[in-house]
Amino acid sequence: MEPVDLALVLALDGSASVTYDEFNLMAGGLGAALREPRVVAGLIGGARHGSLGALLLWSGAGAEEVLVDWIRIASPAQAERFAAEVENVPRTVRPGLTAIGEALVAALDLLAAAPVSAGRRVVDVVGDGRSNDGTPPGPVRDRMVAAGITINGLCLLHEEPDLLETYTREVIGGPGAFAIACPDYGAFTEAMRQKLTREIENRPIV
């Protein structure tokens, strides 16, 4: 395959703080956001006319699983395939503690196994709590940033109102890194649409 503009890992929280209904809302919201015309255009409209997408589900230490392996997205049909697989992912990892550092290690391994090179490599961490298990996220984040990888965050604030500050301090990093806050699961689809648009186009929403 030809090189791509972007390799994007969606790293989705499956820890015990996320109920099954909330998990389904996240998966459905991700699928809807990935179908947004501006998001699709960003995925396929770069200089190399394509991106790679994958989804990683994570929970406590040792509970990480790639549920959607790398899919090349170079057409609207391929974008639809990725969106459909994302919104239908099963919750296969054991709900446990919140090991963001371990999730970042798994995302780094996933990026290393990408089938082609990418102009940008981005990890999109979605979660509702601070890390409380396994390797601390900060040192892993620093290693990824040194390798040119960007880590962005979407923070659900319904349980930890100061989570955005925690993600900003401990999780995000790299070229153009940012984190956005989402007040609750009802607002998730719109927050994810804005986040994907910003990170795929690599510029702020206006």
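So, how was this worked out
- Residues numbered from 1 in each chain as written.
- Predicted model: local features only at pLDDT ≥ 70, side-chain atom pairs only at ≥ 80, totals over all residues.
- Heavy atoms only, no water.
- Helix = DSSP H or I, 4+ residues; strand = E, 2+ residues; numbered from the N terminus.
- Buried < 20%, exposed > 50% of the residue type's maximum accessible area, 1.4 Å probe, protein only.
- Contact = heavy atoms within 4.5 Å.
- Areas by Shrake-Rupley, 256 points an atom, 1.4 Å probe, with all protein chains shown as cover.
- Lys, Arg positive; Asp, Glu negative; His and termini not counted.
- Charge placed at Lys NZ, Arg CZ, Asp CG, Glu CD.
- Pairing = 2+ DSSP bridges.
- Right-handed = clockwise from strand over helix to strand, strands pointing away.
- Core = buried A, V, L, I, M, F, W, Y, C linked by side-chain atoms within 4.5 Å.
- Salt bridge = Lys/Arg side-chain N within 4 Å of Asp/Glu carboxyl O.
- Polar contact = N/O pair within 3.5 Å; in protein donor to acceptor, adjacent residues only side chain to side chain.
- Axes fitted to C-alpha atoms, helices over the stretch in contact; angles between N-to-C directions.
- Parallel < 35°, antiparallel > 145°, perpendicular 65-115°, else oblique.
- Left-handed = near helix turned anticlockwise from the far one by under 90°.
- Nonpolar A, V, L, I, M, F, W, Y, C, P; charged D, E, K, R; others polar.

Enquirer: Outline the overall build of the protein chain, listing residues and values.
Expert: In terms of helices and strands, the protein chain carries seven helices and six strands. Sequence-ordered secondary structure for the protein chain, helices as α and strands as β, is β-α-α-β-β-α-α-β-α-β-α-β-α. For the C-alpha atoms alone, the extent of the protein chain along its principal axes is close to 40 × 35 × 35 Å. For the protein chain, the proportion of its 206 residues judged to be buried stands at 52%. If you take every contact in the protein chain between residues at least 6 apart in sequence, the share linking residues at least 24 apart comes to 79%. Surface accessibility of the protein chain: about 8200 Å² in total, with carbon and sulfur atoms responsible for 53%. In the protein chain, 17 side chains carry a positive charge and 27 a negative one; their mean positions are 7 Å apart.

Enquirer: I'd love a proper account of the pairing of strand 4 (residues 118-127), names of residues and values included.
Expert: Pairing between strand 1 (residues 4-13) and strand 4: eight bridges, direction parallel. Bridged to Leu10 within strand 4 is Asp124. Alignment of strand 4 against strand 5 (residues 150-156), held across six bridges, turns out to be parallel. By the bridge assignment for strand 5, Val123 is matched with Ile151. Traced from strand 4 through helix 5 (residues 137-146) to strand 5, the parallel crossover comes out right-handed.

Enquirer: I'd like a description of the nonpolar core, backed by residues and values.
Expert: Across soluble globular proteins, nonpolar side chains have a tendency to be buried as a group. Counting 41 residues, the largest nonpolar core has Leu10, Met26, Leu55, Leu154, Phe188 and Leu196 as its most contacted members. Take this core: its biggest share by element is six residues, from helix 1 (residues 20-34). Setting aside chain neighbours within four positions, we find Leu154 in contact with Val125, Val126, Gly127, Tyr167, Ile180, Cys182, Phe188, Ala191, Met192 and Lys195. Ranked by size, the runner-up nonpolar core spans 30 residues in total, among them Leu52, Trp70, Leu110 and Tyr167.

Enquirer: Tell me about the pattern of salt bridges, and name the residues and values.
Expert: Scanning the entire structure with this criterion turns up 11 salt bridges. Residue Arg38 pairs with Glu201 through a salt bridge whose shortest N-O separation is 3.0 Å. One end of the pair, Arg38, is in helix 2 (residues 37-44); the other, Glu201, is in helix 7 (residues 188-201), and 163 residues separate them in sequence. Judged by relative accessible area, which is 33%, Arg38 ranks as partly exposed.

Enquirer: Give me the lowdown on the pairing of strand 1, citing residues and values where you can.
Expert: Sheet faces and side chains relate simply in a regular strand, where the side chains alternate between the two faces. Among the 10 residues of strand 1, 10 are classified as buried, and the element is accordingly described as predominantly covered. Inspection of the sheet shows strand 1 paired to strand 2 (residues 51-58) by eight bridges, in the parallel sense. Bridge pairing in strand 2 places Val9 opposite Ala54.

Enquirer: Before we move on, can you summarise the side chain of Glu201 with the specific residues and values?
Expert: On the accessibility criterion, Glu201 (19% relative accessible area) is buried. Side-chain polar atoms of Glu201 contact the side chain of Arg38, separated by 3.0 Å. Beyond its immediate stretch of four places on either side in the chain, Glu201 contacts Arg38 and Leu196.

Enquirer: Tell me about the packing of helix 4 (residues 100-112) against helix 5, and name the residues and values.
Expert: Here helix 4 crosses helix 5 at 25°, and the two axes come no closer than 8 Å. Looking at the two axes, helix 4 sits roughly parallel to helix 5. For the element pair helix 4 and helix 5, the recorded crossing hand is left-handed. Contact residues: helix 4 offers Ile100, Gly101, Leu104, Val105 and Leu108, while helix 5 offers Pro137, Val140, Arg141, Arg143 and Met144. Taken together, the residues of the contact of helix 4 with helix 5 break down into seven nonpolar, one polar and two charged.

Just distances and angles here, no functional claims.
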